Each structure stands twice: as structure tokens, then as C-alpha cells.
Amino acid sequence: NEIKIFSPATVANVACGFDVLGFCLDNVGDDMVIRKVDKKGIKITHIEGFDLPYEAEQNVAGVSALAMYDTLDIDFGFEIEIYKNIKPGSGIGSSAASAVGSVFGMNELLGRPFNKTQLTEFAIKGEALASKCEHADNLAPAMFGGFTLVKGIKPLQILEIPSPDDLFATIIHPQIEIKTSESRAVLPKEVSLSDAIAQWSNVGSLIHALHTSDYNLIKDSLHDVIIEPHRSKLIPHYEEVKNSMLNAGALGACISGSGPSIFSLCKGEETAKKVAGAIKNVYNSTGIDFDIHVSKIN
Ligand code: HSE
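Residues numbered from 1 in each chain as written. Predicted model: local features only at pLDDT ≥ 70, side-chain atom pairs only at ≥ 80, totals over all residues. Heavy atoms only, no water.

Trainee: Just checking my understanding: could you explain the overall build of the protein for this structure?
Mentor: Counting its regular elements, the protein contains ten helices and ten strands. Overall size of the protein, expressed as C-alpha extent along the three principal axes, is 60 × 40 × 35 Å. Across the 298 residues that make up the protein, the buried fraction comes to 55%. For the protein, the accessible surface area stands at approximately 12700 Å², while carbon and sulfur atoms represent 49% of it. (Helix = DSSP H or I, 4+ residues; strand = E, 2+ residues; numbered from the N terminus. Buried < 20%, exposed > 50% of the residue type's maximum accessible area, 1.4 Å probe, protein only. Areas by Shrake-Rupley, 256 points an atom, 1.4 Å probe, with all protein chains shown as cover.)

Dropping the structure here:
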């Protein structure tokens, strides 16, 4: 009657793929407990880690749970416990982890009436509460794992993209908060044709590189000419961190989701750990608290 789940952190955009590409981290995330109870409705009974609303309608996990619950004809309800490790506003999919966790857990307790794409549809409602717009580039990898591409929202279409065996991510999470809604507000409404060409060329080649395990092509494709120039200004020591990642051997580096986290992709765990050491050196002198994660991409 109850299930404990791990709901993973995710990196959205992956440089060139704004609002469509994302990948899942294998060792950073929230824990949640979902319980079937006699009383009808959705009730959040426990939140640990961060100060978040208990009213289901105001809570990301609650909103996605309600979106699913409202489609069901059942005479019982669910309780949700949230043990949050991912700081809200961190750029590694905090709201997506909450939104995905509740509906995934409920679906398991119900005997899996919904597939993962349908569950993601419900989770979009929760994500929209946090970021004020409907996007699924964190939700999709949290739900499916690995690398994903959101082909479209209406109708929702999610593609699972393979990735090379030895691909690792190193992520630094400075302990400052940037709200997704704020970092979307700094973006231009229109882009030039030459920037658009560069961007879709990189998305296409990154997908090809992931399919063919071509690390050099991954390196050549991890660029963002549209979003990074605007958002990087919001992130302290961005250029320094990015350069230290590249100098330590990362294939590429960019803003994780809407920031302030910065991710890099690396070939092999040894390089990923070397990159972690290099950014630690940069950030140690800044006075800003930070976490660093090294994660294999499965
Ligand atoms: N694609 C989204 C953005 C991810 O960059 O705004 C953050 O939730």
C-alpha cells in the first residue's frame, strides 16, 4: 500500500537543445513515499529538506498528483511524503523531480494504468506551477532515464536517445537561487537566422554523435549561441568555471537548465573527477557555497 521512490535530478537544454534535450543524473535526487489511503483526495503529509507548501494545489508534486487523480474513478486517495535533496531553483530539475515522483509512485500502486508519456503529461501540470510555462525537458529524462528529446508538447512526444557507455557529467551547483521564470524573462523573443542555423546544426549533430558514440562530435556540438549569452550573466564566475571545465578535459560545458548550475560532459569517470577538482579550485575562493556531482549517464 505504500512505495518509496527515488526521483532523479536532471540537466535540461544540454547546451544547444533549449526546452527539448535533457539527461538524467544517476545519483542525485529526491526521495518520496506515496501511500494509498482510505480518505479520498491527495494529501501531502510530510516535507523535509526545504520549505515548500503543504497544500496540494500549491505544491508541484501535489498539482501533478491531482492532474492524474482527477482522471481516475476511485474511492480512495493518496498521501505523499517528500524528502527533498534538490534545492528549488538550482537548475537541476528540482520541480521536475517532485512532479514526476508523485505520479510515478501513484501509477505503481494502481498497477500501472498509464504509460510514461501519459504520466509525463500529468507531471507537466506540476512543472508549470513552478516555471510558469509548460515544458518537459526535465520531466522526460526524470521519467524515462538517460538522454531524451521532447519532440513536441501538444501532443506530447518523447524520444529516448541512446548515449555512449563511458559518458559522464560533472555538475557544479552554486548555492544561489535563480527562478526559471526569471531566467526565461531575460531571453530574446526573436533570434537571427544565422544563430538559428548554428543551433539546429548543433542539435542535429549532437543527436547523431550520441547515436554513434562519437565523442569528438559531441565535443563539436555542445555549443549554445542563443540562450547562454543572456543567461550566463546571471551566474557568478560562469566563464571561469566553464573554462576550468574545458581545460580539465571536458568535452563541453554550459548552463544546466535555467541555472545557476553548470554542467559538463566528459569521456570517462577519471576525466569527470578531474573536472570536479578543477571547478572546486575555482569556487573555493569565491565564498559561495557549492555542491559538485559526478554522475554516469545511463
Ligand atoms: N528548458 C527550461 C529552461 C529548463 O531552460 O528554461 C528549466 O526548467
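Trainee: Looking at this structure, I do not really get the site of the ligand. What am I missing?
Mentor: Taken together, the residues surrounding the ligand are A12, N13, F18, D19, H135, D137, N138, T180, R184, R231, G257 and S258. Within the contact set of the ligand, a nitrogen atom lies 2.5 Å away from a side-chain nitrogen or oxygen of D19. Contact with the protein chains removes 96% of the 260 Å² of surface that the ligand exposes when unbound. Split into classes, the residues belonging to the shell around the ligand amount to two nonpolar, six polar and four charged. (Near = heavy atom within 4 Å. Polar contact = N/O pair within 3.5 Å; in protein donor to acceptor, adjacent residues only side chain to side chain. Nonpolar A, V, L, I, M, F, W, Y, C, P; charged D, E, K, R; others polar.)

Trainee: Please clarify how unusual backbone geometry should be interpreted in this entry.
Mentor: Of note, the bond from K154 into P155 is cis; its omega dihedral lies within 30 degrees of zero at 0°. Residues G259 and P260 are joined by a peptide bond in cis, for which omega reads 5°. Positive phi outside glycine occurs at N13, with the angle close to 80°. Mapped onto the fold, N13 is located in the loop between β1 (2-12) and β2 (21-37). Its identity as a non-glycine residue notwithstanding, R112 has a phi of 60°, on the positive side. Locating R112 in the fold gives a position in the loop between α2 (94-109) and α3 (116-131).

Trainee: It is not clear to me how the environment of K4 should be interpreted in this structure. Could you clarify?
Mentor: Checked against the element boundaries, K4 lands in strand β1. Linking K4 and G101, residues 97 residues apart in sequence, is a C-alpha distance of 9.6 Å. If sequence neighbours within four positions are ignored, K4 has contacts with D31, M32 and V33. (Contact = heavy atoms within 4.5 Å.)

Trainee: Would you explain the pattern of salt bridges in this entry?
Mentor: Evaluated as defined, the whole model comprises eleven salt bridges. Linking R35 and E81 is a salt bridge whose minimum nitrogen-to-oxygen distance equals 2.5 Å. Of this pair, R35 sits in strand β2 while E81 sits in strand β4 (residues 77-83); the two residues are 46 residues apart in sequence, bridging distant segments of the chain. There is no split in this pair, since R35 and E81 are both buried. Its salt-bridge partner being K179, residue E177 comes within 3.9 Å of it at the nearest N-O pair. Salt bridges sharing common partners tie together E2, R35, E79 and E81. (Salt bridge = Lys/Arg side-chain N within 4 Å of Asp/Glu carboxyl O.)

Trainee: Just to check I follow, could you spell out the nonpolar core for this structure?
Mentor: Considering soluble globular proteins, one finds that nonpolar side chains tend to be buried as a cluster. Ranked by size, the top nonpolar core spans 51 residues in total, and within it V14, F23, F147, L167, I218, M245 and L265 carry the most contacts. At six residues, helix α10 (residues 269-284) tops the list of elements feeding residues into this core. When sequence neighbours within four positions are dropped, the list of residues in contact with I218 reads P164, L167, L206, A209, L210, L251 and L265. Within the second largest apolar cluster, 39 residues are counted, among which are I5, I74, V100 and I158. (Core = buried A, V, L, I, M, F, W, Y, C linked by side-chain atoms within 4.5 Å.)

Trainee: Explain the packing of aromatic side chains to me, please; I cannot follow it from the model alone.
Mentor: Aromatic rings considered in pairs are described by the distance between their centres and by the relative angle of their planes. Going through the model one piece at a time under the given rule, you end up with six aromatic pairs. Pairing F76 with F78 gives two aromatic rings, centres 5.8 Å apart and planes at 70°, and the pair type is edge-to-face. Each member of the pair, F76 as well as F78, carries the same accessibility label: buried. (Phe/Tyr/Trp six-rings, centres within 6.5 Å; stacked < 30°, edge-to-face > 60°.)

Trainee: What is the right way to read the environment of E190 from this model?
Mentor: Tracing the sequence through the fold places E190 in the loop between α5 (180-185) and α6 (193-212). Each C-alpha atom, one on E190 and one on E269, is 39 Å from the other, the two residues being 79 residues apart in sequence.

Trainee: It is not clear to me how helix α1 (residues 60-69) should be interpreted in this structure. Could you clarify?
Mentor: The buried fraction of α1 amounts to nine of the ten residues, a majority that puts the element mostly inside the structure. Taken together, the buried positions of α1 are V60, A61, G62, V63, S64, A65, L66, M68 and Y69. For α1, the elements touching its buried residues are β2, β3 (41-48), β4, α2 and α3. The opening residue of α1 is N59, an N-cap whose side-chain oxygen sits 2.8 Å from the backbone nitrogen of A61.

Trainee: Even after reading the chapter, I still don't get the packing of α1 against α2, so can you show me in this structure?
Mentor: Describing two packed helices takes the angle between their axes plus the distance from one axis to the other. Where α1 contacts α2, the two axes come as close as 7 Å, and the packing angle between them is 35°. Here α1 runs over α2; the crossing is right-handed. Along its contact with α1, which presents V60, A61, S64, A65, M68 and Y69, the element α2 presents S95, S98, A99, S102, V103, M106 and N107. Taken together, the residues of the contact of α1 with α2 break down into eight nonpolar, five polar and no charged. (Axes fitted to C-alpha atoms, helices over the stretch in contact; angles between N-to-C directions. Left-handed = near helix turned anticlockwise from the far one by under 90°.)

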